[in-house]
Amino acid sequence: MRFPQERNDHLVNLLTIARFDPSSENRAAVQEELLRGRALLIVQARPVPGDPRSLEFLHAPVLDGRPTLFAFTSEVALRSWSTQDMELVIVPAGAFFQGCLKNGIGTVVVDASTPNELRIALGRSAAA
């Protein structure tokens with residue numbers, strides 16, 4: 001897999017800024033880029049057989065009582081979380097989050113195990 005990292009440079013910069021200054025404006029900028037920007041995410045999933053437009057998520061543990069997915073902004077961020085071989089897909093961030101909302105995912109952890117880790121609660125509240 002060759003991940004087009006340049007598509008996510010803006011998002012990674014916003015995540016870094018929000019880490020050092022978690023103001024509502026900076027968090028809103030991250031949210032805007034995730035929902036409506038050019039960002040792509042790497043997720044552990046596979047296409048549904050017979051329906052190539054749908055994905056089956058392969059790792060959705062329940063954390064804090066909520067189904068949780070992990071998404072990554074780069075291959076480096078993914079490998080800081082796990083070095084195991086796994087099925088991965090690259091998806092546009094906005095479509096990913098819309099699918100999460102439709103399918104009852106409670107939390108998305110972006111770039112887990114990195115300094116820019118961000119937990120986003122879906123449905124009940126904004127970015128956490």
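Parameters and conventions
Residues numbered from 1 in each chain as written. Predicted model: local features only at pLDDT ≥ 70, side-chain atom pairs only at ≥ 80, totals over all residues. Heavy atoms only, no water. Salt bridge = Lys/Arg side-chain N within 4 Å of Asp/Glu carboxyl O. Helix = DSSP H or I, 4+ residues; strand = E, 2+ residues; numbered from the N terminus. Expected span 1.5 Å × (residues − 1). Buried < 20%, exposed > 50% of the residue type's maximum accessible area, 1.4 Å probe, protein only. Arc of directions from axis to C-beta. Contact = heavy atoms within 4.5 Å. Phe/Tyr/Trp six-rings, centres within 6.5 Å; stacked < 30°, edge-to-face > 60°. Pairing = 2+ DSSP bridges.

J.: A description of the pattern of salt bridges should follow, citing residues and the corresponding values.
T.: Inspection of every chain in the model, using the stated rule, returns four salt bridges. In this structure, the salt-bridge partner of Glu-87 is Arg-46, at a minimum N-O distance of 3.0 Å. You can see Glu-87 sitting in the loop between α3 (75-81) and β5 (88-92) and its partner Arg-46 sitting in strand β1 (residues 40-48), a full 41 residues away along the chain.

J.: I'd love a proper account of helix α1 (residues 9-20), names of residues and values included.
T.: Under the 1.5 Å per step criterion, the end-to-end length of α1 is 17 Å for twelve residues, consistent within 8% with the ideal 16 Å. Within the sequence span of α1, burial applies to Leu-11, Leu-14, Leu-15 and Ala-18. Axial view of α1: buried residues confined to an arc of 100 degrees, hence all on one face. Among the structural elements, α2 (24-36), β6 (107-110) and β7 (118-121) are those in contact with the buried residues of α1.

J.: Before we move on, could you go through helix α4 (residues 93-102) and cite the residues and values that matter?
T.: In an α-helix, one turn spans 3.6 residues; hence positions three or four apart end up facing the same way. Among the residues of α4, those classed as buried are Ala-93, Gly-94, Phe-96, Phe-97 and Cys-100. What you see down the axis of α4 is that its buried residues fit within an arc of 160 degrees, all on one side. Looking at α4, the residues exposed on the side facing more than 90 degrees away from the buried face are Ala-95 and Lys-102. Immediately downstream of α4, the backbone of Gly-104 shows phi near 75 degrees, a positive value.

J.: Please set out the packing of aromatic side chains residue by residue, giving values where relevant.
T.: The tally for this structure, following the rule as stated, stands at four aromatic pairs. Both rings, one in Phe-57 and one in Phe-96, keep their centres 5.8 Å apart while their planes meet at 75 degrees; by these two values the pair is edge-to-face. In this pair, Phe-57 sits in strand β2 (residues 51-57) while Phe-96 sits in helix α4, placing the two residues 39 residues apart along the sequence. By relative accessible area, which is 4% here, Phe-96 ends up buried. Ring geometry for Phe-96 and Phe-97: centres 5.3 Å apart, planes at 80 degrees, overall edge-to-face.

J.: I'd love a proper account of the pairing of β6, names of residues and values included.
T.: Within a regular strand, side chains alternate between the sheet's two faces. Alternating positions in β6 separate into two faces, Thr-107 and Val-109 on one and Val-108 and Val-110 on the other, with burial throughout. Bridge count for β6 against β7 is four bridges, and the pairing is antiparallel. Note on β7: the bridge partner recorded for Val-108 is Ile-120.

These results come straight from atomic positions and should not be treated as a statement about function.
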